[in-house]
Amino acid sequence: MNWLWISGWAVPPEWLAAQAKTAWPRASHVAVAPMDAARALSRQKFDVLGGYSLGAMWLMRQAKAIPDDLPVVLLAPIFSFVAEHQRGGRVALAQLRLQRRRLRNDPAAAVTDFFQRAGLEELVNLPKAKPGHSRHPEELEEELSWLEDWSISAVPKNWRGYVGGRDPLLEAPELKKIWPELKIVARAGHAPGPLMNAAKKTFPKGAA
């Protein structure tokens, strides 16, 4: 079973794929950055799609182009990242714009600050997590503009989603109001590992 994962903002795709391999060891996992997702989907057919954080948001925006019978799982899905939009995001618009300025001035520091705020401390010391190693700062800034501008209204009925009850970036109860089928993982934060562990119990059949 071949999976394609769309990673989160600044989250190294290789790391996300390794996390998925731990949860679904019998499957093959490929991960790409949100900026590269459209190209990856056009080049190869996959059995399952997974989106994490901004990657989940990207998949929701592409929902009409994804076959109804293709299993999709969303981890820490974002309906709108901006707190002022009142769609489950905790990050103020001013804070997001500040992050864009930081990214221009000191990309590595901006990414490190995000990892710490998101509870992704494991990524701080990974060399590939630093801009210039695997991602260009210009691409990261473009993806930040997506987080600033995008808003999602609905999710296909057959998709599955999981969010941490202690996510520092997302208000899980507010997300569940928008998407009642969304599963809240009580003790999880924004990190993908615990959400994958919850998802693997039922999604998809035969993948574990």
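Residues numbered from 1 in each chain as written. Predicted model: local features only at pLDDT ≥ 70, side-chain atom pairs only at ≥ 80, totals over all residues. Heavy atoms only, no water.

Trainee: Can you walk me through the environment of Gln86 in this structure?
Mentor: You can see Gln86 is positioned in the loop between strand E4 (72-75) and helix H4 (93-105). What makes Gln86 exposed here is its relative accessible area of 68%. Counting along the chain gives 14 residues from Gln86 to Val72, while the straight-line C-alpha distance between them is 25 Å. (Helix = DSSP H or I, 4+ residues; strand = E, 2+ residues; numbered from the N terminus. Buried < 20%, exposed > 50% of the residue type's maximum accessible area, 1.4 Å probe, protein only.)

Trainee: For this particular structure, what's the right way to read the nonpolar core?
Mentor: Most often, soluble globular proteins keep nonpolar side chains buried together rather than apart. Counting 74 residues, the largest nonpolar core has Trp5, Trp9 and Trp159 as the members making the most contacts within it. Counting residues per element, this core draws most heavily on helix H3 (residues 54-61), at 6 residues. With residues up to four places along the chain from it excluded, the contact list for Trp159 reads Leu59, Met60, Ala63, Ile66, Val72, Leu74 and Trp179. (Core = buried A, V, L, I, M, F, W, Y, C linked by side-chain atoms within 4.5 Å. Contact = heavy atoms within 4.5 Å.)

Trainee: Which parts of the structure should I look at to understand the packing of aromatic side chains?
Mentor: Scanning the entire structure with this criterion turns up 8 aromatic pairs. With centroids separated by 6.0 Å and ring planes inclined at 80°, the aromatic side chains of Trp3 and Phe203 adopt a geometry described as edge-to-face. Placement of Trp3 in strand E1 (residues 2-6) and of Phe203 in the segment after helix H8 (192-199) is noted, with a sequence separation of 200 residues between them. A relative accessible area of 6% means that Phe203 is categorised as buried. With a centroid separation of 5.2 Å and an interplanar angle of 90°, the aromatic rings of Trp9 and Phe114 are classed as edge-to-face. Residue Trp9 is located in the loop between E1 and helix H1 (13-23), and its partner Phe114 is located in helix H5 (residues 107-118); the two are separated by 105 residues in the primary sequence. (Phe/Tyr/Trp six-rings, centres within 6.5 Å; stacked < 30°, edge-to-face > 60°.)

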